[in-house]
Amino acid sequence: MATMIIEGDRTKAASGETYEIRNPATGEVVDEVPAGGPADVDRAAQAAAKAFGTWSKLPSNQRREILHKAAQHMLSKVEEIATVLTKEQGKTLLESRLEARRFGENIGWFADLADKIHGQYVRLPDLTTYGLVVRKPIGVCGAIVPWNFPLTLAANKVAPAIAAGNTVVLKPASTTPLSTLLCIEALMEGGLPEGVVNVVIGQATGEAIVEHPLIRKIALTGSTPTGKRVMAKASETLKKVTLELGGSDPCIVLDDADLEGAARAISVGRFFNCGQQCLSTKRLYIQEGVYDSLLEKLVARAAKLKPGNGLDKDSRMGPMHTETQRAEVEAQLKDALDRGAKLIFGGGRPKGPEYEKGWFIEPTIVGEVPDDSRMWKEEVFGPALPVRKIKDLDEGLRLANDSQFGLGSSIWTANMAAAHRAVQELEAGYTWVNSIVIAHDELPFGGTKQSGFGKEHGVEAFLQYTEEKSVVYGGV
Ligand code: NAD
């Protein structure tokens, strides 16, 4: 049985309760884990507060070296971690390997910033006094993570937090804690001190983290409704909050675009991780001159995405993570078809004995989706792509911005003036121009509108795990 990690101890829930983690491809039990609650979060927060006393005071170059060594050790275990990730989450081994590697690389990327925390000297009117702005770590940070990219999204929070000298109480999604535990264990084997990162498991631990008085900041990745609840609850103890929430990223393809490049990027953007991505290509607007030819290319690519158990090397797309998640996507698709949309590819569940016990679904493309369909208005968190023909860029931008979300967006065109206009006008935290939808470690990433606020990745994320303090020296 897997256990939580609190102050370096492998620990069961205070209540003694447990639950099972099941493989989304087979329904088999992968492991049993503790169902933690407020008492466990309290222990974890106390442990993190104690560790903060030493971790935050460590010389910053030592912190950098410890994190690099720990990350290297974790990276030596990528294969083992990736296999567990595939079993608990469903994604293909290739996708899991990429994700496990990114966890270690992310720790390394932020480790390099650990000894580069700069402040400012500010000249004051009276020359016998001078002012400084210094940056300090915040304290204990709560990191709450969803199930679609359990490791990437944990690293996005843990890495900048601990590099800046904070300590962490980390809550993986209830259904995907196992690979996260392996990563944190590997960091500790590689030299990360006890108590710097504590892992609690179980649905009830999320709210307990948000409520806990010792925790000073919450970084949540999750759905928009969860973000609203967390923000309201966090206001009771005035915690700092970073919210990375839902998205419905538009992609505009104009007549002069590189169609091969666009088809490849859109296919990866929509079908990678079985479409369970926040940054993705969730609404596709194609200019009329290339509508048919781009769709033909997209269909050819979708046809090659053989669904299957992620552990099977022939699988190109794993199952959806849960039955509920699949039912939601199927309901959104049915709603569009009932309103008159036209199915272009897929639309069902793959057939065969190997698919009977898992939450498999076909990659799906659907055209002529009416404006009032759920697929345009809501986040589609699965491998189904609604497509619409547009006359020109004006129409594309109007439709793209007609959304409550503002996470990512993309445009494909050879016309730089059109691209610049889209960059200016698309209401989103990220715009890709003729480029694949990937969040780069170097660039700040985060949404606008109801996709949340605050940044992960980049120096900006690192700074959000510090707070400024003004200092005045008088009589100098
Ligand atoms: P979710 O909101 O149901 O859960 C996310 C995490 O929050 C889980 O660990 C969950 O246990 C916890 N949680 C739920 N209610 C809570 C509460 N009241 N207090 C504290 N914690 C609580 O999301 P999910 O279904 O796991 O993930 C899918 C969602 O995440 C999608 O909407 C997706 O777009 C979004 N997402 C966003 C990004 C981004 O960077 N913007 C990245 C990935 C996923």
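For clarity, every value in this text was computed on a predicted model and none was experimentally measured.

A.B. asks: Quick question: what am I supposed to make of the site of the ligand here?
C.D. replies: In the vicinity of the ligand there are 29 residues, among which Val145, Thr226, Leu245, Cys278 and Glu379 approach most closely. Here an oxygen atom of the ligand and a side-chain polar atom of lysine 171 are 2.9 Å apart. Within the side chain of threonine 226, one N or O atom sits 2.6 Å away from an oxygen atom of the ligand. Relative to its free-state accessible area of 840 Å², the ligand is covered by the protein chains to the extent of 89%.

A.B. asks: Could you clarify how one ought to interpret the pattern of salt bridges in this entry?
C.D. replies: Think of it this way: side chains of opposite charge can pair up when their charged atoms draw near. Applying the stated criterion across every chain, the model contains 32 salt bridges. Linking arginine 102 and aspartate 441 is a salt bridge whose minimum nitrogen-to-oxygen distance equals 2.5 Å. Here arginine 102, found in helix 4 (residues 93–111), pairs with aspartate 441, found in the loop between strand 19 (432–433) and strand 20 (448–449); they are 339 residues apart in sequence, far enough to count as distant. The class for aspartate 441 is buried, based on a relative accessible area of 12%. Notably, a salt bridge pairs glutamate 379 with lysine 282, separated by 2.9 Å at the nearest N-O pair. Here lysine 282 lies in the loop between helix 9 (259–271) and strand 13 (283–287) and glutamate 379 lies in the loop between helix 12 (374–377) and strand 16 (384–390), a separation of 97 residues in the sequence. Taking the relative accessible area as the measure of exposure, lysine 282 reaches 1% and is therefore buried. In this structure, a network of salt bridges that share partners links the residues Arg64, Glu65, Asp115 and Lys116.

A.B. asks: Sorry, what's going on with the domain arrangement of the chain here?
C.D. replies: Interface size is commonly expressed as the accessible area that is lost once the parts come together. Along its sequence, the chain is organised into domain 1 (4–245 + 451–473) and domain 2 (249–440). Here the C-alpha centroids of domain 1 and domain 2 sit 31 Å apart. Opposite the 25 residues of domain 1 that make contact, domain 2 presents 26 residues. Summed over both partners, the interface of domain 1 with domain 2 buries about 2200 Å², with 58% contributed by carbon and sulfur atoms. Taken together, the connections running from domain 1 to domain 2 amount to zero salt bridges.

What counts, and at which threshold
Residues numbered from 1 in each chain as written. Predicted model: local features only at pLDDT ≥ 70, side-chain atom pairs only at ≥ 80, totals over all residues. Heavy atoms only, no water. Near = heavy atom within 4 Å. Polar contact = N/O pair within 3.5 Å; in protein donor to acceptor, adjacent residues only side chain to side chain. Areas by Shrake-Rupley, 256 points an atom, 1.4 Å probe, with all protein chains shown as cover. Salt bridge = Lys/Arg side-chain N within 4 Å of Asp/Glu carboxyl O. Helix = DSSP H or I, 4+ residues; strand = E, 2+ residues; numbered from the N terminus. Buried < 20%, exposed > 50% of the residue type's maximum accessible area, 1.4 Å probe, protein only. Domains from an automatic or database assignment. Contact = heavy atoms within 4.5 Å. Buried area = accessible area lost by both parts, 1.4 Å probe.

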